[in-house]
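Architecture at a glance
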Amino acid sequence: MNKSELIASEKRHVWHPFTQMRDWEASDPMFIVSGKGQKLTDIDGKEYWDANSSLWVNIHGHCRPEINDAIAKQLSAISHSTLLGLTHPSAALLAERLVKITPPGLNRVFYSDSGSTAVEIALKMAYQYHCHTGSPQRSRFIAMEDSYHGDTIGAVSVGGIGLFHGIFRRLLFPVDFLPCPARAGGLENASDALERLLAEKGHEVAAIIMEPLVQAAAGMLLSPRGFLKRVREMCDRHGVLLIVDEVATGFGRTGKMFACEHEGVSPDLLCVAKGITGGYLPLAATITADRVYDAFLGSYGELKTFFHGHSYTGNALACAAAIANLDIFENDNVIGSLPEKIEFTRSHLSSIGEQKHVGSIRQCGLMVGIELVDSSGEPYPFEQAVGALVCKQAKELGLITRPLGNVVIFLPPLSSTLSDISEMLRIINLAIAQVTESLTPQLAATA
Ligand code: PLP
């Protein structure tokens, strides 16, 4: 097939996620055909910086020989066998490695294949745990406004982003939402709101689910430091399980292997996905404390089994990639290399912050959200899609990222060098300037 036939076929048959397909059909779709390090190459041979790590998954760059080799080695043995009633070496070895690097007390790994399924599993486990431990009335969940935990119905139930989740409300189970921690007005307010809710309904609550430190999909909203630890303490006092969703923050993004480490917190259930395979293959894990796991043990007839599993649960190729990913973390001292990159990014962001149309810049490790505002300092109207325009312009300039509304995301692979970071931020800075300057007269005219 030549390029124009490919485009015709793609436009005729592919339905893209989170995409207005009418716009897509009118666009010139970009086909990525290869990647190397921090760069992607399109069908015409043009290179682009991968400034959002291919939707926050890539860790050590594209086409890393170590991960390629690990997948090839596994492929030549077997690519998939089921974990229902069987097991395989890569699943066992990876579980042991994950237990070693995750916060203390998390000893059991339940595999699945996306962040959404990792969350879905955590929710079901939490509820079933209480059924087995004499508290079946604990069927409610607490979540945060502006949180995002994925797109399956359980994950949407605990999701707090109206734009994505509003239309599905009638399909969802009831959840109590706390004010978004970043907007609650500080640690005490955020904690008080939870304390009040638990005092009223704590005995009915199965678990609290939260993104630690940063609500990523909401536009990198930063929770007050210490909040996660407070939530842990309150969960303990009220017999409520804590589910921490590190799908976005895990595997070094915040500067530590897991965001929980910043506050010395061990959740009861930890959800990981995205970076687990270095961004190579779909894999996720829900990692639990012993007491959760133990509650599911019983005789066959007691029906304490966790009746949940997917066809590709614990896929061998993905597990092999994940082990290679963790090897690179160790061999390249990736976590040790991050403080310099994070500080370098911070200092470069301050010059972007001087632009008139840049509002707040939120950074947690190498997760960055740059908010765009109009001349009066207010967020641009949603329909204006200014974030999308900036990303379109950045693409012209050789960089790929995706906005979250008016927030431009910078989330580079952890393997990016200082000079890579500098070049990526130069392009983002330029794209913001070019788009917002070109918009100002139009906006003035329509005002
Ligand atoms: N949880 C968080 C915190 C996320 O950021 C995401 C995706 O961005 C998910 C869950 C869902 O992950 P997936 O897209 O792999 O289903």
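Residues numbered from 1 in each chain as written. Predicted model: local features only at pLDDT ≥ 70, side-chain atom pairs only at ≥ 80, totals over all residues. Heavy atoms only, no water.

**Examining the domain arrangement of the chain**
Let me state the cut-off plainly: Domain delimitation follows an automatic or database domain assignment. In this description, contact between two residues means that some pair of their heavy atoms is separated by no more than 4.5 Å. Defined in terms of a 1.4 Å probe, buried area is the accessible area two parts forfeit on being brought together, summed over both. Only DSSP runs of H or I covering at least 4 residues are called helices, and only runs of E covering at least 2 are called strands; the numbering of each starts at the N terminus.
According to the domain assignment, the chain consists of domain 1 (31-60 + 333-446) and domain 2 (65-331). Relative placement of domain 1 and domain 2: their C-alpha centres are 28 Å apart. With 28 residues of domain 1 in contact, the opposing surface of domain 2 contributes 29 residues. Together, the buried faces of domain 1 and domain 2 total about 2200 Å²; carbon and sulfur atoms form 68% of this surface. For domain 1, the biggest contributors to the area lost against domain 2 are W56, H60 and M367; these three give 27% of the whole. Secondary structure elements with two or more residues in the side of domain 1 that touches domain 2: α3 (53-56), α13 (334-352), β13 (358-364), β14 (367-372) and β17 (407-410).

**Considering the side chain of T102**
Condition: Under the rule applied, a polar contact is a pair of N or O atoms within 3.5 Å (in protein, one hydrogen donor and one hydrogen acceptor; residues adjacent in sequence only if both atoms are side-chain atoms).
With respect to the element layout, T102 can be found in the loop between α5 (89-101) and β4 (106-112). Side-chain polar atoms of T102 contact the backbone oxygen of L98, separated by 2.7 Å. Engagement of the side chain of T102 in a polar contact is seen with the backbone oxygen of V99, the distance being 3.4 Å. When sequence neighbours within four positions are dropped, the list of residues in contact with T102 reads F258, L270 and I287.

**Let's talk about the side chain of E120**
Stated formally: Note on exposure labels: buried denotes an accessible area under 20% of the residue type's maximum, exposed denotes more than 50%, and partly exposed covers the range between, all computed with a 1.4 Å probe on protein chains only. Here the positive residues are Lys and Arg and the negative ones are Asp and Glu; neither His nor the chain ends is included. Counted as salt bridges are all cases of a side-chain nitrogen of Lys or Arg within 4 Å of a carboxyl oxygen of Asp or Glu.
Along the chain, the position of E120 falls in helix α6 (residues 115-132). Despite its burial, E120 remains without a salt bridge, the nearest opposite charge being carried by K124 at 6.9 Å. Non-local contacts of E120, meaning those with residues more than four positions away in its chain, are made with T152, I153, G154 and A155.

**Brief notes about the packing of helix α4 (residues 65-77) against helix α12 (residues 316-331)**
Going by this rule: Convention adopted: a line fitted to C-alpha atoms gives each axis, helices being fitted over their contacting stretch, and angles between N-to-C directions are expressed from 0 to 180 degrees. The labels follow the angle: roughly parallel below 35 degrees, roughly antiparallel above 145, roughly perpendicular from 65 to 115, and oblique for the rest. A clockwise turn of the near helix away from the far one marks a right-handed crossing, whereas an anticlockwise turn of less than a right angle marks a left-handed crossing. Each residue receives one of three labels: charged for Asp, Glu, Lys and Arg, nonpolar for Ala, Val, Leu, Ile, Met, Phe, Trp, Tyr, Cys and Pro, and polar for the others, Gly being one of them.
At a minimum axis distance of 8 Å, the contact between α4 and α12 shows a crossing angle of 150 degrees. Taken together, the axes of α4 and α12 are roughly antiparallel relative to one another. In terms of crossing hand, the pair formed by α4 and α12 is right-handed. Across the interface between the two elements, E66, I67, A70, I71, Q74 and L75 of α4 pack against A316, L317, A320, A321, A324, N325 and I328 of α12. Of the residues assigned to the contact of α4 with α12, the class counts are 10 nonpolar, two polar and one charged.

**Quick look at the packing of α5 against α12**
In a packed pair of helices, the relevant descriptors are the angle between the two axes and the axis-to-axis distance. In contact at an axis separation of 9 Å, α5 and α12 are set at 40 degrees when each is read in the N-to-C sense. On the basis of their axis angle, the class for α5 and α12 is oblique. Considering how the two elements wind past one another, α5 and α12 form a crossing that is left-handed. Along the contact surface, α5 presents S90, A91, L93, L94, R97, L98 and I101, while α12 presents A316, C319, A320, A322, I323, L326, D327 and E330. Partitioning the contact of α5 with α12 into residue classes produces 11 nonpolar, one polar and three charged.

**Focus: unusual backbone geometry**
For residues besides glycine, phi is generally negative; the peptide bonds are generally trans as well. Even without being glycine, F251 reaches a positive phi, approximately 60 degrees. Phi is positive for K274, which is not a glycine, with a value near 25 degrees. With respect to the element layout, K274 can be found in the loop between β11 (269-272) and β12 (284-289). The exposure class assigned to K274 is partly exposed, which follows from its relative accessible area of 23%.

**Some remarks on the sheet that holds strand β5 (residues 140-144)**
Using the following cut-off: In this analysis, strands are considered paired if DSSP registers two or more bridges between them.
Taken in spatial order, the seven strands make up an open sheet running β4-β12-β11-β10-β7-β5-β6, and their pairing is mixed. Sheet topology places β4 and β6 (175-178) at the edges, where each strand pairs with a single neighbour. Taking each pair of neighbouring strands and ignoring which way they run, the sheet shows an average axis angle of 20 degrees. With four bridges joining them, β11 and β12 adopt antiparallel strand pairing. Within β12, the position partnered with L269 by the bridge is T288.

**Some points on the site of the ligand**
Definition in use: Near, as used in this document, describes a residue that has one of its heavy atoms within 4 Å of the molecule or strand being considered. Residue burial considers only the protein chains on display, and all accessible areas are found by Shrake-Rupley using a 1.4 Å probe.
As a structural note, the neighbourhood of the ligand is formed by W56, S114, G115, S116, Y148, H149, G150, E211, D245, V247, A248 and K274. Interatomic distance of 2.6 Å between a side-chain N/O atom of S116 and an oxygen atom of the ligand. Between the ligand and D245 there is a distance of 2.6 Å, counted from a nitrogen atom to a side-chain nitrogen or oxygen. Contact with the protein chains removes 83% of the 400 Å² of surface that the ligand exposes when unbound. Within the shell around the ligand, the residues separate by chemical class into four nonpolar, five polar and three charged.

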